[in-house]
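Residue-level listing of the chains:
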Amino acid sequence: MRRGEEFAAAVRRGSRAGRPTLVAHLKTRADVKSDGDSPPLVGFVVSRAVGGAVVRNKVKRRLRHLMRDRLHRLPQGSLLVVRANPPAASARIEHLAAELDAALDRLLRRRGPAPQARTDGHR
């Protein structure tokens, strides 16, 4: 995610799940005006409150790496913004992963179960 309008839409009109090290905002396809085949977009916000440039970039790289393995969980066409809080600077990557999973679980649980694709040939 690169456009400011997408960040604003996710933060202002999306669901929010906060954890001590990060806050996640999710705006789902039902809320987003886009085609259903577009991939989910993820953006990261790491402010100066987290630390200097080196620390901020390290946190951003860690969050980006963690999100790669979780991207499949997001609905098509959704917008996700992950904002790092100051404790993210000193958090171990395992702790960041647990916090990210908890926030995503809460956000996805709120929107209801995702439709499961059938693999047995029935519709």
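Just so it is clear, the model here is predicted, and its values are computed rather than measured.

Student: Just checking my understanding: could you explain a positive patch on the surface for this structure?
Tutor: A contiguous patch of positive charge on the surface is contributed by Arg 2, Lys 58, Arg 61, Arg 64 and Arg 68. Here Arg 61 lies in helix α2 (residues 53-68).

Student: Would you mind going over the sheet that holds strand β2 (residues 22-27) with me for this structure?
Tutor: Two modes of strand pairing occur in sheets, parallel and antiparallel, and in both the strands are linked by backbone hydrogen bonds. Ordered in space as β1-β2-β4-β3, the four strands form an open sheet in which the pairing is mixed. Looking at which strands have only one partner, the edges of the open sheet turn out to be β1 (15-18) and β3 (41-46). When the angles between neighbouring strand axes are averaged without regard to direction, this sheet yields 15°. Two elements, β1 and β2, share four bridges in a ladder whose sense is antiparallel. Bridged to Gly 18 within β2 is Val 23. The strands that α2 touches are β2, β3 and β4 (79-84); relative to β3, the one it contacts most, it runs at about 155°.

Student: Whenever I open this one, α2 confuses me. Can you help?
Tutor: Every α-helix winds through 3.6 residues per turn, so residues three or four apart in the chain are directed the same way. Between its first and last C-alpha atoms α2 spans 23 Å; for 16 residues at 1.5 Å apiece the expected length is 22 Å, and the two agree. Buried residues of α2: Val 59, Leu 63, Leu 66 and Met 67, and no others. For α2, the buried positions fall inside an angular range of 100° around the axis, keeping them on one side. Opposite its buried face, α2 presents the exposed residues Val 54 and Arg 68, each directed more than 90 degrees away. Those residues of α2 hidden inside the fold are in contact with β2, β3, β4 and α3 (93-110).

Student: It is not clear to me how the nonpolar core should be interpreted in this structure. Could you clarify?
Tutor: Nonpolar side chains in soluble globular proteins generally cluster together in the buried interior. In terms of nonpolar packing, the biggest core is built from 25 residues, with Leu 63, Met 67 and Leu 80 touching the most fellow members. When residues of this core are traced back to their parent elements, those giving at least two are β2, β3, α2, β4 and α3. With seven residues, α3 is the largest single contributor of residues to this core. Once residues lying within four places of it in the same chain are set aside, the contact partners of Leu 63 are Leu 22, Phe 44, Val 82, Ala 84 and Leu 96. Membership of the second largest hydrophobic core comes to six residues, among which are Met 1, Phe 7, Ala 9 and Ala 10.

Student: Is there a simple way to explain the pattern of salt bridges in this structure?
Tutor: Any two side chains of opposite charge can pair, so long as their charged atoms come close to each other. Under the definition given, this model contains six salt bridges. Among the ionic pairs, Arg 73 bridges to Asp 105, the shortest N-O distance being 2.3 Å. Of this pair, Arg 73 sits in the loop between α2 and β4 while Asp 105 sits in helix α3; the two residues are 32 residues apart in sequence, bridging distant segments of the chain. The exposure class of Arg 73 is partly exposed, given its relative accessible area of 27%. Members of the salt-bridge network, linked through shared partners, are Arg 70, Arg 73, Asp 101 and Asp 105.

Student: I keep staring at α3 and nothing clicks. Help me out?
Tutor: Compared with an ideal rise of 1.5 Å per residue, which puts 18 residues at 26 Å, α3 spans 26 Å between its outermost C-alpha atoms and is within 8% of the ideal. Residues Leu 96, Ala 97, Glu 99, Leu 100, Ala 103, Leu 104, Leu 107 and Leu 108 constitute the buried set of α3. End-on, the buried residues of α3 take up no more than an arc of 165°, which puts them together on one face.

How each quantity is defined
Residues numbered from 1 in each chain as written. Predicted model: local features only at pLDDT ≥ 70, side-chain atom pairs only at ≥ 80, totals over all residues. Heavy atoms only, no water. Patch = residues over 30% accessible without salt bridge, like charges linked within 9 Å, V, L, I, M, F, W, Y side chains within 5 Å. Areas by Shrake-Rupley, 256 points an atom, 1.4 Å probe, with all protein chains shown as cover. Salt bridge = Lys/Arg side-chain N within 4 Å of Asp/Glu carboxyl O. Lys, Arg positive; Asp, Glu negative; His and termini not counted. Charge placed at Lys NZ, Arg CZ, Asp CG, Glu CD. Helix = DSSP H or I, 4+ residues; strand = E, 2+ residues; numbered from the N terminus. Pairing = 2+ DSSP bridges. Axes fitted to C-alpha atoms, helices over the stretch in contact; angles between N-to-C directions. Contact = heavy atoms within 4.5 Å. Expected span 1.5 Å × (residues − 1). Buried < 20%, exposed > 50% of the residue type's maximum accessible area, 1.4 Å probe, protein only. Arc of directions from axis to C-beta. Core = buried A, V, L, I, M, F, W, Y, C linked by side-chain atoms within 4.5 Å.

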